[in-house]
Amino acid sequence: MAQVSAAIGDPISDAPILEQAKLEAVFADIQAHPLYDHELNGCLNCGICTATCPSAHYYDYSPREIVQLLWTENLEGIYDAMQEKIWACAQCYTCAARCPFGNSPGGLVMIMRETAIKHGMESAKEVLRPFSRVMLKIISTGNQLAPNMITADHFPDWGPNVSKVEAPLAVLRKAIPVPTLHTLDTAWEVNLKTSIELYTIWEATGVLDALETIDQNLFDVITDIMEEKREDYDDWLEEQEDDDD
Ligand code: SF4
Ligand code: SF4
């Protein structure tokens, strides 16, 4: 029987040694995802997915490689890919439409991303850091991107063309036929009851646990906001009851 080493690492590297148990725990979580068996049915190593993948054209990234790592249960390679490569996928699912095996490499990448978040990997923290203000906006207003957040300052990685939508935004918004979208601060108003219901969903589905793992400070701010909104909602309910009496 092959001997399994307890730890994996380059003996002359400063990088922390990976425990075999850690690699197995990460892969076990990927495999346990409810969609895993649906997204991976086998792999011919044909490369059709990579040939049609837009991200593969621009990054050191190959969906064929990701699927092969999973299919052959290459635990070290899977862990390694989760440190950078999986974040290159654009989630366009062209690969899923083309794979002769009915695999969804993009779906598998999404499972690996969720697992990276669950394990608090540095790659996940780094990639998600710029989105913290989006998360804060969703929690505090019920909206995701407010129009006034779409500026070159906020999204430097969008490149120089972002200035075209930054220009006369207040005027441009007026051109949208729906009057409630004329605002710059929020995309639309979300009422208090809906916000409270969203909080319950996020708690029940593990979104807030994931947030706590990735960004403790943001989690603290957001739980304070949720608490305040829940108090406001309770006060509103009491007012309604008083009015009924
Ligand atoms: S995932 Fe599908 S398309 Fe990609 S290499 Fe494997 S069999 Fe081919
Ligand atoms: S979903 Fe990801 S892996 Fe699949 S084609 Fe799009 S960018 Fe490539």
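No experiment lies behind these values; they were computed from the predicted model shown.

A. Focus on the overall build of the chain. A tally of helices and strands in the chain yields 15 helices and two strands. Every one of the 245 residues in the chain was classed for burial, and the buried ones make up 21%. Pairs at least 24 apart in sequence give 61% of the contacts found in the chain among residues at least 6 apart.

B. Structural detail: the site of ligand 2. Ligand 2 sits among 14 residues. The nearest are Cys53, Cys89, Cys92, Cys95 and Gly106. Those elements that provide at least two residues to the shell around ligand 2 are helix 4 (54-58), helix 7 (94-98) and helix 8 (105-118). Per-element accounting of the shell around ligand 2 gives the leading share, three residues, to helix 8. Classifying every residue of the shell around ligand 2 by side-chain character gives 10 nonpolar, four polar and no charged.

C. Looking closely at the site of ligand 1. Taken together, 15 residues lie around ligand 1, and Cys43, Cys46, Ile48, Cys49 and Cys99 are the ones closest in. For the shell around ligand 1, the elements supplying multiple residues, two or more each, are helix 3 (48-52) and helix 5 (63-71). Ranked by residue count, the leading element in the shell around ligand 1 is helix 5, at three residues. Here the shell around ligand 1 is built from residues that sort into 11 nonpolar, three polar and one charged.

D. How the structure looks around the confidence of the model for the chain. On average, residues of the chain carry a pLDDT of 87, and 88% of them reach 70 or more. Here strand 1 (residues 7-8) is the element of the chain with the lowest mean pLDDT, 58, and helix 5 is the one with the highest, 98.

E. Molecular detail of the nonpolar core. Ile66, Met82, Ile86 and Leu108 are the most contacted members of the largest nonpolar core, which has 35 residues in total. When residues of this core are traced back to their parent elements, those giving at least two are helix 5, helix 6 (75-81), helix 8, helix 9 (122-128), helix 14 (207-214) and helix 15 (216-244). The biggest single contributor to this core is helix 8, with six residues. Excluding residues within four positions of it along the chain, Ile66 makes contact with Ala81, Ile86, Pro105, Leu108 and Val109.

F. Summary view of helix 5. With respect to burial, helix 5 is a largely interior element, seven of its nine residues being buried. Along helix 5, the residues classified as buried are Pro63, Arg64, Glu65, Ile66, Val67, Leu69 and Leu70. In the core, the buried residues of helix 5 are packed alongside helix 3, helix 4, helix 6, helix 7 and helix 8. Positive backbone phi, approximately 55 degrees, marks Glu73, located one or two places after helix 5.

G. Examining the environment of Arg129 more closely. Here Arg129 lies in the loop between helix 9 and helix 10 (132-141). When the C-alpha positions of Arg129 and Leu218 are compared, they lie 10.0 Å apart, and in sequence the two are 89 residues distant.

H. Here's a closer look at unusual backbone geometry. In this model, Glu73 sits at a positive phi of 55 degrees, which is unusual for a non-glycine residue. If you trace the backbone, Glu73 turns up in the loop between helix 5 and helix 6. The phi torsion at Tyr93 lies on the positive side, around 65 degrees, for a residue other than glycine. Within the secondary structure layout, Tyr93 lies in the loop between helix 6 and helix 7. Assessed through the 14 C-beta atoms surrounding it within 10 Å, Tyr93 is described here as partly exposed.

Criteria and thresholds
Residues numbered from 1 in each chain as written. Chains lettered and ligands numbered in written order. Predicted model: local features only at pLDDT ≥ 70, side-chain atom pairs only at ≥ 80, totals over all residues. Helix = DSSP H or I, 4+ residues; strand = E, 2+ residues; numbered from the N terminus. Buried ≥ 20, exposed ≤ 12 C-beta atoms within 10 Å, placed from the backbone. Contact = placed C-beta atoms within 7 Å. Near = placed C-beta within 6 Å. Nonpolar A, V, L, I, M, F, W, Y, C, P; charged D, E, K, R; others polar. pLDDT = per-residue confidence, 0-100. Core = buried A, V, L, I, M, F, W, Y, C linked by C-beta atoms within 7 Å.

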